[in-house]
Amino acid sequence: MRLLVCGGAGFIGSTFVRQRLREHGDEVTVLDKLTYAGREENFHDFAGEEAFAFVRGAIEDPEAVGGAIAGCRPEAIVNFAAETHVDRSIAEPDAFVKTHALGTHVLLEAAREWGLRYLQVSTDEVYGSIEEGTFTESSPLRPSSPYSATKTGADLLVQSYFHTYELPAVICRGSNNYGPYQYPEKLIPLMILNALHGDPLPVYGDGMQVRNWIHSTDFAAAIGHVLEHGQPGEVYNAGGPDEEPNMTVVRRIIELTGASESQIEHVTDRPGHDVRYSLSSEKVRALGWEPKVRFEDGLSQTVAWYRENAWWWEPVRSGDYREYYERQYGRALS
Ligand code: NAD
Ligand code: DAU
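No experiment lies behind these values; they were computed from the predicted model shown. (Residues numbered from 1 in each chain as written. Chains lettered and ligands numbered in written order. Predicted model: local features only at pLDDT ≥ 70, side-chain atom pairs only at ≥ 80, totals over all residues. Heavy atoms only, no water.)

(A) Looking closely at the sheet that holds strand E7 (residues 176–178). In spatial order, the strands read E7-E9-E11; together these three strands make up an open sheet with mixed pairing. A single partner strand is all that each edge strand has here, and the edge strands are E7 and strand E11 (242–245). Across the sheet, the mean angle separating the axes of adjacent strands is 45° when strand polarity is ignored. Here three bridges tie E7 to strand E9 (residues 210–215), and the two strands are oriented parallel to one another. Note on E9: the bridge partner recorded for asparagine 176 is tryptophan 213. (Pairing = 2+ DSSP bridges. Helix = DSSP H or I, 4+ residues; strand = E, 2+ residues; numbered from the N terminus. Axes fitted to C-alpha atoms, helices over the stretch in contact; angles between N-to-C directions.)

The structure is reproduced here in structure tokens:
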């Protein structure tokens, strides 16, 4: 396939691009604004390949989107482009509204104009928090943060383009991803890097919130599977095989890095913190996808990757991220 992958310079987008180039022989053009989270370093192992091209631009810019499509003539648009950190959405929601509402609208209009298939990458957070049981695709949408509310709005807009204009659009909603190339504002890479540097490990509240962990290669494969086999107009959930409370994840990272339990510091809880996410993946499993990486193995591989790839995280940890960290946690990194 020829694909336009929006937001492909981020964590999961670049994992998806690598998989499509290596395992499927696709031609891929990435359109990405390169926000703080988007990095050309994520293309380091395929940047020069003929089947790959990169265009810098924002999804909310119709000229950038039209130019990228005219340049690569894709069969489908896969949209990863998003502001993705819940804490940043609580502090400064503006960019979330712009990218998720306006950006998704511009991409949908372009898909309609050029007659393209469209896949929206979405999140389990659109369903809100669930104390018991598991969310299916027909669970009510009850987002609780500006991040998840704007992602939900984007999903509804995508569905409206299927119902109104018969745009062949699908949505794939994932649970919490982890793996190489994840920006260190998120729980797992933040804890790994702080553990390795002897910094405090800031656990929000009691740390008993549960997340349903999926390795980024498994979520990328689910997205590819839905793109190839999903029914237009449908939503497919892709949840990981394991659920863990945050404290268990942090303790496991301490073991894997040789850090100390005394580094754990319980800090002020996230406002409106969702207690538990859990996603049923029966519908996408029925299409033939299943997750391959168990959390225990994936986490130790991820710790090893961060240990071995300081070239990737050193510029981040010594740049703007330090200022973000001080604003968010009220203390400096070592
Ligand atoms: P990320 O923050 O690592 O990357 C986001 C990418 O989007 C970056 O490359 C950034 O530069 C780009 N981007 C942001 N705004 C843009 C804009 N206006 N125009 C063009 N590019 C823009 O995010 P991620 O964790 O890789 O998440 C990718 C997608 O997967 C998002 O849609 C997110 O909602 C969804 N998702 C993430 C997770 C998770 O646990 N990380 C789970 C489920 C779903
Ligand atoms: O569920 C899918 C979502 O997972 C994605 O849609 C989001 O883009 C992604 O950021 C992620 O959201 P979370 O809020 O669940 O992830 P985060 O890594 O920010 O936090 C995971 C849990 O860890 C959550 O309960 C909050 C807690 N936490 C997080 C940080 C950054 C801490 O206790 N301390 C921290 O410093």
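(B) Representation of the packing of aromatic side chains in the model. In total, this model carries 22 aromatic pairs according to the counting rule given. A ring pair is formed by phenylalanine 43 and phenylalanine 46, whose centres lie 5.7 Å apart and whose planes are at 45°; its orientation type is tilted. Judged by centre distance (5.7 Å) and plane angle (90°), the rings of tyrosine 183 and tyrosine 321 are edge-to-face. Residue tyrosine 183 is found in the loop between E7 and helix H6 (187–197), and its partner tyrosine 321 is found in helix H12 (residues 320–329); the two are separated by 138 residues along the sequence. With respect to class, tyrosine 183 is no different from tyrosine 321; both count as buried. (Phe/Tyr/Trp six-rings, centres within 6.5 Å; stacked < 30°, edge-to-face > 60°. Buried < 20%, exposed > 50% of the residue type's maximum accessible area, 1.4 Å probe, protein only.)

(C) Summary view of the site of ligand 1. Taken together, 30 residues surround ligand 1, and among them Asp32, Glu60, Thr84, Tyr147 and Lys151 come closest. In this structure, aspartate 32 approaches ligand 1 through a side-chain N or O atom, which is 2.6 Å from an oxygen atom. Burial of ligand 1 by the protein chains amounts to 96% of its free accessible area of 830 Å². At three residues, strand E5 (residues 117–123) tops the list of elements feeding residues into the shell around ligand 1. When grouped by side-chain class, the residues that make up the shell around ligand 1 number 13 nonpolar, 13 polar and four charged. (Near = heavy atom within 4 Å. Polar contact = N/O pair within 3.5 Å; in protein donor to acceptor, adjacent residues only side chain to side chain. Areas by Shrake-Rupley, 256 points an atom, 1.4 Å probe, with all protein chains shown as cover. Nonpolar A, V, L, I, M, F, W, Y, C, P; charged D, E, K, R; others polar.)

(D) Looking closely at helix H2 (residues 62–72). Restricting attention to buried positions, one finds in H2 the residues Ala64, Val65, Ala68, Ile69 and Cys72. What you see down the axis of H2 is that its buried residues fit within an arc of 130°, all on one side. Relative to its buried face, H2 has exposed residues pointing more than 90 degrees away, namely Pro62, Glu63 and Gly71. Among the structural elements, strand E1 (2–6), strand E2 (27–32), strand E4 (76–79) and helix H4 (94–114) are those in contact with the buried residues of H2. The N-cap of H2, judged by a side-chain oxygen 3.0 Å from the amide nitrogen of glutamate 63 a few residues on, is aspartate 61. Positive phi appears at arginine 73, one or two residues downstream of H2, with a value of about 45°. (Arc of directions from axis to C-beta. Contact = heavy atoms within 4.5 Å.)

(E) Representation of the site of ligand 2 within the structure. Around ligand 2, the structure places 22 residues, and the nearest of them are Asp124, Tyr147, Asn176, Arg270 and Tyr329. Between ligand 2 and glutamate 125 there is a distance of 2.8 Å, counted from an oxygen atom to a side-chain nitrogen or oxygen. At 2.8 Å from a nitrogen atom of ligand 2 is found a main-chain nitrogen or oxygen belonging to proline 202. Burial of ligand 2 by the protein amounts to 94% of the accessible area it has alone, namely 690 Å².

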